[in-house]
Amino acid sequence: KQPVLEIRNLNVDYGLGGKAVHAVRDVNLTLHRGEVLGLAGESGSGKSTLAYGMTRLLAPPGVITGGDVIYHPGQAEPYDVLGLSDRGLREFRWNEVAIVFQGAMNSLNPVHRISTQLTDVLRAHQPSMSEHSRTARAREMLKLVGIAPDRMDAYPHQLSGGMRQRVMIGMALILQPQVVIMDEPTTALDVVMQRQILGQLIELRERLGFSVIFITHDLSLLVEFSDRIAIMYGGRIVEEAPAATIYRDALHPYSKGLLSSFPALRGPRRELSGIPGSPPDLAGMPPGCSFHPRCPRAFEPCSTAIPVLGRPEHLTGAGRSVACWLHPVPIPLEKN
Ligand code: SF4
Ligand code: MG
């Protein structure tokens, strides 16, 4: 499988010097072509910060303090997103990588028709395109996300929340990016609508061939819609595996806790036990494994030594890694 986006040793801080808090720590993650990669964790685990960091959309005081984000355009040579000029960055966003933000559906401009808001994206990024082609493309995108042509000229308030979210997804796809990052894209919608929209997105991915990074606190959605899942806690990735493996055989106590926080979709019902306690404060991260104060399995090394993410000896499956002293890693994995 070809990589499309490779995050290497990414670190993001909020603030500088002695007062800095580490929001993303040593994250390594590869998104492959055509893949849906799910990123899970409670709020404050660093998932949104990671998404903003990799697209360089961090607002101050957020700063990237180290790492690389290598983008593979397909035809041309790979390059480091962190080294792009402002102009390069403007082209990279939307054209190559588009983001649907948390609560995006409320960011539509209330005084413009949705058709205008879609053609505006084309006007800004593909100035040589004819007006006629822009309108045709906007219509096509709306159709792809399930919005009838007669709603093209509606204003945002005339559409339901689900429809507005579809418009945002259409807008993200309109320049045919290779990667779409979705940060809690459907959290504001009811469960049935969430599933419908995500199912549709997966179908579009198969037709159009883009890759998705799908961020949510709802691990049951990820299990259903992703190929692979990475779980974050305290700014680090603590487990990564194919979605079905996480569902069947999660290794990290935090992953197990997250799984039991949501009702199972299929099969026997699980007890909704959740995870006691609350996510750590970035400014006062516990030493050792940052999950240890909440972990039911914590033992001797956990409060002092940080477990390394890698593949434990007894695991043979490809693409599996975990950072937990219950599954010590003999030699940290060389990242793919
Ligand atoms: Fe729990 Fe220790 Fe594993 Fe952390 S390293 S998840 S505290 S068992
Ligand atoms: Mg978030």
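Worth saying up front: this structure is predicted, and the values here are computed from it rather than measured.

Parameters and conventions
- Think of each chain on its own: its residues are numbered from 1, step by step along the sequence as written.
- For naming, the first written chain is A and the first written ligand is 1, with later ones following in the order written.
- Reporting in this predicted model follows two pLDDT cut-offs: at least 70 for local features of residues, and 80 or more for side-chain atom pairs to be given and counted; totals over whole chains, interfaces and linings ignore these cut-offs and use all residues.
- UniProt positions are given in the numbering used here, feature names are shortened, and annotations may be inferred rather than shown by experiment.
- Each helix corresponds to a stretch of at least 4 residues labelled H or I by DSSP, and each strand to a stretch of at least 2 residues labelled E; elements are numbered beginning at the N terminus.
- Any two strands between which DSSP finds at least two bridges are classified as paired.
- Joining buried Ala, Val, Leu, Ile, Met, Phe, Trp, Tyr and Cys residues through C-beta atoms within 7 Å gives a set, and that set is a nonpolar core.
- Comment: burial labels come from other C-beta atoms within 10 Å of the residue's own C-beta, placed from the backbone, where a count of 20 or more is buried, 12 or fewer is exposed, and between is partly exposed.
- This entry defines residue contacts through backbone-placed C-beta atoms, with two residues in contact when those atoms are within 7 Å.
- The angle between two axes is taken between their N-to-C directions and runs from 0 to 180 degrees, where each axis is a line fitted to C-alpha atoms and a helix contributes only its stretch in contact.

Considering the UniProt feature "domain: ABC transporter" (unreviewed entry) in the chain
Piece 1. In the numbering used here, UniProt assigns the "domain: ABC transporter" (unreviewed entry) feature to residues 7-259.
Piece 2. The span residues 7-259 is 38% helix and 26% strand, and its two end C-alpha atoms sit 26 Å from each other.

Re the sheet that holds strand β1 (residues 3-14)
Piece 1. Read across the sheet, 4 strands follow the order β2-β1-β4-β5 without closing on themselves; strand pairing throughout is antiparallel. Since the sheet does not close on itself, it has two edges, and those belong to β2 (21-32) and β5 (79-80), each with one partner.
Piece 2. Inspection of the sheet shows strand β4 (residues 62-71) paired to β5 by 2 bridges, in the antiparallel sense. Its bridge partner being in β5, I70 is matched across the sheet by D80.

Some details on the nonpolar core
Piece 1. Counting residues in each nonpolar core, the largest one holds 87 residues, and the members touching the most others are A172, V179, V180, I213, F214 and I231.
Piece 2. If you tally residues by element for this core, the top one is helix α5 (residues 161-173), at 7 residues.
Piece 3. Those residues in contact with F214 that sit more than four places away from it in its chain are V36, L37, G38, L39, M182, L222, F225 and S226.

Topic: the environment of D190
Piece 1. Mapped onto the secondary structure, D190 falls in the loop between β7 (179-183) and α6 (191-208).
Piece 2. C-alpha of D190 to C-alpha of L258: the two residues are 68 residues apart in sequence and 20 Å apart in space.

Notes on helix α1 (residues 47-54)
One turn of an α-helix holds 3.6 residues; hence residues three or four places apart share an orientation.
Piece 1. Where burial is concerned, most of α1 is hidden: 8 out of the 8 residues are buried.
Piece 2. One or two positions beyond α1, positive phi appears at R56, with a value near 55°.

Details of the sheet that holds β7
Piece 1. Sheet architecture is open: 7 strands sit in the order β6-β7-β8-β3-β9-β10-β11, paired in mixed fashion. The sheet is open, and its two borders are formed by β6 (97-100) and β11 (321-322), each paired with just one other strand.
Piece 2. Sheet contacts for α5: β6 and β7; angle to β6, the most-contacted strand, approximately 170°.

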